Amino acid sequence: MKMFGTNGIRGIANEDMGPELALQVGKAIGSVLGEGPVAIATDPRTSSPMIKCAVCSGLMATGIDIVDLGIIPTPALQYHVKTHADVKGGVMITASHNPPQYNGIKCIAEDGTEFTKEQESMVEDAYDTVIKCVPWDRIGRMTSIDGAGEAYIDAVISHVDVDAIKKARLKIVLDCSNGAACETTPMMMRKLGVDATLLNCVMDGTFPGHESEPIESNLTELIDITGRTDAVVGMAHDGDADRCVFVSGSGRYLPGDLSLALIAQHKVMVNGGGKVYAPVSTSSTVKDVVESSGGEFHYTAVGSPIVARAMMENNGIFGGEDNGGLIFPEHQYCRDGAMGMASILEIIAKEGDLDDLISKMPRYHSLKLTVRCPDEKKRIVAERIAQVAEGDVDTTDGVRIDYDDGWVLIRASGTEPKFRIYSESSDEILMKERSEHYRGLIERFVDE
Ligand code: MG
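Colleague: Tell me about the sheet that holds strand S11 (residues 253-254), and please be specific about residues and values.
Modeller: Ordered by their spatial adjacency, five strands build an open sheet running S8-S7-S9-S10-S11, and the pairing between neighbours is mixed. For this open sheet the edge positions go to strand S8 (195-199) and S11, each flanked by a neighbour on one side alone. Of the strand pairs in this sheet, strand S7 (residues 171-175) and S8 are connected by five bridges, and their pairing is parallel. Residue pairing across strands places Val-173 opposite Thr-197, the latter belonging to S8.

Colleague: Could you give an account of the nonpolar core, with specific residues and numbers?
Modeller: When a protein is soluble and globular, its nonpolar side chains tend to lie buried together. Core analysis: the biggest nonpolar cluster contains 68 residues, and Met-188, Met-235 and Ile-344 have the highest contact counts within it. It is helix H12 (residues 337-351) that contributes the most residues to this core, eight residues altogether. Discounting chain neighbours no more than four positions away, the residues touching Met-235 are Ile-172, Val-173, Leu-174, Asp-175, Met-189, Leu-222, Val-245, Phe-246, Met-341, Ile-344 and Leu-345.

Colleague: Describe in detail empty space enclosed by the protein, supporting the description with residues and values.
Modeller: Unfilled space is identified by rolling a water-sized probe across the atoms. In total, this model carries one cavity of 30 Å³ or more according to the counting rule given. When its volume is computed, the largest cavity comes out at roughly 60 Å³. Taken together, Gln-78, Thr-113, Glu-114, Ser-304, Pro-305, Ala-308, Arg-309, Met-312, Tyr-333 and Cys-334 form the lining of the largest cavity. For the lining of the largest cavity, the secondary-structure elements that each account for two or more residues are helix H11 (304-314) and strand S16 (332-335). If one sorts the elements of the lining of the largest cavity by residue count, H11 sits on top with five residues. Broken down by class, the residue content of the lining of the largest cavity amounts to five nonpolar, three polar and two charged.

Colleague: Summarise the layout of surface pockets; cite the residues concerned and give the values.
Modeller: Space inside the second largest pocket adds up to approximately 210 Å³. For the second largest pocket, the full set of lining residues is His-159, His-266, Lys-267, Val-270, Asn-271, Ile-317, Pro-329, Glu-330, Glu-346 and Lys-350. For the lining of the second largest pocket, the secondary-structure elements that each account for two or more residues are helix H9 (256-271) and H12. With four residues, the top contributor of residues to the lining of the second largest pocket is H9. Looking at the lining of the second largest pocket residue by residue, the classes come out as three nonpolar, three polar and four charged.

Colleague: Tell me about the sheet that holds strand S5 (residues 102-108), and name the residues and values.
Modeller: Strand pairing in a sheet takes place through backbone hydrogen bonds and is either antiparallel or parallel in direction. Taken together, six strands build an open sheet; the order of strands is S1-S5-S4-S2-S3-S6 and the sheet is mixed. Sheet topology places strand S1 (9-12) and strand S6 (142-144) at the edges, where each strand pairs with a single neighbour. Averaged over neighbouring strand pairs, the angle between their axes works out to 20° when direction is ignored. Running at roughly 170° to strand S4 (residues 89-93), helix H3 (residues 74-83) makes contact with strand S2 (38-42), strand S3 (66-71), S4 and S5 of the sheet.

About the criteria used
Residues numbered from 1 in each chain as written. Predicted model: local features only at pLDDT ≥ 70, side-chain atom pairs only at ≥ 80, totals over all residues. Heavy atoms only, no water. Pairing = 2+ DSSP bridges. Helix = DSSP H or I, 4+ residues; strand = E, 2+ residues; numbered from the N terminus. Core = buried A, V, L, I, M, F, W, Y, C linked by side-chain atoms within 4.5 Å. Buried < 20%, exposed > 50% of the residue type's maximum accessible area, 1.4 Å probe, protein only. Contact = heavy atoms within 4.5 Å. 1 Å grid on protein atoms, 1.4 Å probe; cavity = no way out; pocket = protein on both sides within 12 Å on 5 of 7 lines; lining within 4 Å. Points joined across faces, edges and corners; volume = space filled by probe spheres on them. Nonpolar A, V, L, I, M, F, W, Y, C, P; charged D, E, K, R; others polar. Axes fitted to C-alpha atoms, helices over the stretch in contact; angles between N-to-C directions.

Purely geometric stuff here, so don't read any function into it on its own.
This is the structure in structure tokens:
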């Protein structure tokens, strides 16, 4: 059975994500890993303890010992797994940015990265079998440890210039979306000497402040307070704090491609060059600033584990996605919200005001739209598009057509019967014309 989506197994608690499923997933993970201990952590969702207990029960039934790290961000669990040689894997109970009724199970490999597609398929295959439980004297044990969150924060700040940040005496506004980072990220701000006004920094799995997806429409309070006060930046996490987004001192919400570009530029300048990776759907702003600062920019297929893997294999110095998922290889090969925030604080301390830095970046007109297409026709429609496309065609992920002034990406949705069309250009009219042109082509090929 296909269970894993782009970010683990997700569903509505006690509807498609109930204790029976979680128990069998736990047994399946245990049978795939074969040995423990396995570290487990959760976000503060109301269903997290129930799902955690069921997963742990399944793991222990297959003889796996458990180390319970409590409620901490996903990257904090990943960091613990990566830095503890005896720990053979991790499980995070979270539905990231989804509404409070959802929950999910995410599997972490021994090196702290997300399970590969192959490892996920092995869990799916095992799920459909009768998994044997071990005899009573080999049942896994469970221990809890405190302090994984603080060890993670100490590692994060070891990668930035703490003295420069302290000296800048920064005032910020921090919104933890009532999620998993409510203790760790305010702790990081204290350790960095940052004066943080806290919003939604009490853990609450009903997400009373706002929905936990860190998009502009959910962050009106953060935007308002950052703009109105003398704070130099506003910062927000999603529910499990693997992502972070920013609001400039003037109260402007920064789309994720701008924070990606800001940090990429900083990394390339400090490093004196280097390779940066991001998916084919990423704004050319990132490519432009990386290249003009003396770095190399490379596109990958969509998905943060794919970006992380490309960085690992090619010695990339930085990478990420335009949804606030930023990957710092000196720390770990996964999206890391606290690391993104620490990095932006360092940039402000050393390079100055975000509004000024952003005003110097090239910007493009862009549009995203969707066109319906039955799942069974997606492949043939994509092939037809690639055949008729005029321009520089790249099929790393979907069909991307590059022009002198911009690009178009046509990509089938992995979860819904539709195509997404992304168009970006320095010329607004061309950008719109191309969106319409490819929308028309997809509609025609669907009907053929
Ligand atoms: Mg997340």
